[in-house]
Amino acid sequence: MTDVTDGVLHTLFRSDQGGHEQVVLCQDRASGLKAVIAIHSTALGPALGGTRFYPYATEEEAVADALNLSRGMSYKNAMAGLDHGGGKAVIIGDPETIKTEELLLAYGRFVESLGGRYVTACDVGTYVADMDVVARETRWATGRSPENGGAGDSSVLTAYGVFQGMRASAQHLWGDPTLRGRKVAIAGVGKVGHHLVEHLLQDGAEVVITDVREESVRRILDKHPQVTAVADTDALIRTEGLDVYAPCALGGALNDDSVTVLTAKVVCGAANNQLAHPGVEKDIADHGILYAPDYVVNAGGVIQVADELHGFDFDRCKAKAAKIFDTTLAIFARAKEDGIPPAAAADRIAEQRMAEARGH
């Protein structure tokens, strides 16, 4: 048995991160598709979560990511008040070089084979146009284009929800739900981050950004010369006088090293799985930093794609995403009441909802 399988089975059946109901390894030799679909929970309803297309260094890394992300989706969907469990898929490879129509159609057939237990959508490396292709083989694809009966780009409401989380953080910490006059640092100004910049500037915030893609930074600076850019995330988190840090790229942004040098008073961003390992949430709290749990504040997108299954209505979705403000405040209150970090408080609330759905 390979190391990869050992790792998968350990995570599935024996580790603290386990509890997954089903993991499907998908391969289509003709198109080159190699994918992992992980269903963590269907306690609240069909598992819902995006498809990440990424050049993982190893298959084991891809499986681990699918397992972590799907577990996170269970908690995100529970906290967003959705009747969905958590799932996630990863397609292994560089989307710039191997993504083809044939590959996406093959992937759609695998999603369809699960009979609605898993509903997919966009994630890193996949876009609305890709979901339109996937949807030709399965009815369980959301995040499609309006021309194909979908809701379009979910990053608009993701950014809106993160902004509501920031407003709640400001209310909790400074007694005023505005970022006016605050210095906010955004790591990653791609699909979600560039919308977040707009919300913050409209609210009167001072914005500092960085992104590994120079063209993403240039797009912001050309439109908003008042925004400041720095070389990399390391420089960003050390920026003097930060009020808020928003990780909006890949996960693991909050680790033993970054927490100790972070100058911000609040962390609230769109990236999934921001905590590099268990225990970081306590380090954040010990450093006097308020952490708005990632899967709570970035739920705007999943609220949108879930709504698409019932005939998309943008205003209905925006109203649901606006409630992220109240949910975030409730988490901070629970954390204070229980004497635990906000991340642990959010987990408790989500676990309670899932347990009630299972009837115990």
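First, a word on scope: everything that follows refers to the structure included in this document.

Reading guide: rules and limits
- Residues numbered from 1 in each chain as written.
- Predicted model: local features only at pLDDT ≥ 70, side-chain atom pairs only at ≥ 80, totals over all residues.
- Heavy atoms only, no water.
- Axes fitted to C-alpha atoms, helices over the stretch in contact; angles between N-to-C directions.
- Helix = DSSP H or I, 4+ residues; strand = E, 2+ residues; numbered from the N terminus.
- Parallel < 35°, antiparallel > 145°, perpendicular 65-115°, else oblique.
- Left-handed = near helix turned anticlockwise from the far one by under 90°.
- Contact = heavy atoms within 4.5 Å.
- Nonpolar A, V, L, I, M, F, W, Y, C, P; charged D, E, K, R; others polar.
- Buried < 20%, exposed > 50% of the residue type's maximum accessible area, 1.4 Å probe, protein only.
- Pairing = 2+ DSSP bridges.
- Right-handed = clockwise from strand over helix to strand, strands pointing away.
- Expected span 1.5 Å × (residues − 1).
- Phe/Tyr/Trp six-rings, centres within 6.5 Å; stacked < 30°, edge-to-face > 60°.
- Lys NZ or Arg CZ within 6 Å of the ring centre and 35° of its normal.

Here we come to the packing of helix α6 (residues 155-174) against helix α7 (residues 193-202). Where α6 contacts α7, the two axes come as close as 8 Å, and the packing angle between them is 45°. When the axis of α6 is compared with that of α7, the two are oblique. The handedness of the crossing between α6 and α7 comes out as right-handed. On the side of α6, the interface is formed by S155, V156, A159, Y160, V162, F163 and M166, while α7 contributes H195, L196, H199 and L200. Here the residues of the contact of α6 with α7 sort into eight nonpolar, three polar and no charged.

On to the pairing of strand β7 (residues 183-187), then. With five of five residues buried, β7 is to be regarded as a mostly interior element. Here β7 runs beside strand β8 (residues 206-210); their pairing, made up of five bridges, is parallel. Residue pairing for β8: A185 is matched across the bridge by V208. Of the crossover connections in this fold, the one passing from β7 over α7 to the parallel β8 is right-handed. Pairing of β7 with strand β10 (residues 244-247), which is carried by four bridges, proceeds in the parallel orientation. The partner of A185 across the bridge, within β10, is Y245.

On to the packing of α6 against helix α15 (residues 324-338). Taken N-terminus to C-terminus, the directions of α6 and α15 make an angle of 40°; their axes are 8 Å apart at the nearest point. By the angle between their axes, α6 is oblique relative to α15. The two elements α6 and α15 cross, and the hand of that crossing is right-handed. Taking contact as the criterion, the partners of G161, Q164, G165, R167, A168, S169, Q171 and H172 in α6 are, on α15, I324, F325, T328, L329 and F332.

This paragraph deals with the sheet that holds β8. If you walk across this open sheet you meet the six strands as β9-β8-β7-β10-β11-β12, and the pairing is parallel. Bordering the open sheet on either side are β9 (228-229) and β12 (290-291), each of which pairs with just one other strand. On top of the sheet, α7 reaches β7, β8 and β10; it is set at about 170° to β7, its chief contact.

For the rest of this paragraph, the subject is helix α16 (residues 342-358). For α16, which comprises 17 residues, the first-to-last C-alpha distance of 24 Å matches the rise-based estimate of 24 Å (1.5 Å per residue) to within 8%. Within the span of α16, buried status applies to P342, A343, A345, A346, A350, M354 and A355. Lining the buried residues of α16 we find β2 (33-41), α2 (59-79), α11 (280-286), β12, α12 (294-297) and α15. Positive phi shows up at G359, right after α16, with a value of about 85°.

A full pass over the atoms with the stated rule returns three aromatic pairs. Taking the centre distance of 5.1 Å and the plane angle of 70° together, the rings of Y54 and Y56 count as edge-to-face. Residue class for Y54 comes out partly exposed when judged on its relative accessible area of 27%. Take Y56: its relative accessible area is 9%, and that puts it in the buried class. Centroid distance Y75 to Y295: 5.8 Å. Interplanar angle 65°. Geometry classified as edge-to-face. Within this pair, whereas Y75 is found in helix α2, its partner Y295 is found in helix α12, the two being separated by 220 residues in sequence. Each member of the pair, Y75 as well as Y295, is classed as buried. A cation sits over an aromatic face here: R182 above W174, 3.8 Å from the ring centre. Sitting over the face of the ring of Y127, K191 holds its NZ or CZ atom 4.5 Å from the ring centroid.

Purely geometric stuff here, so don't read any function into it on its own.
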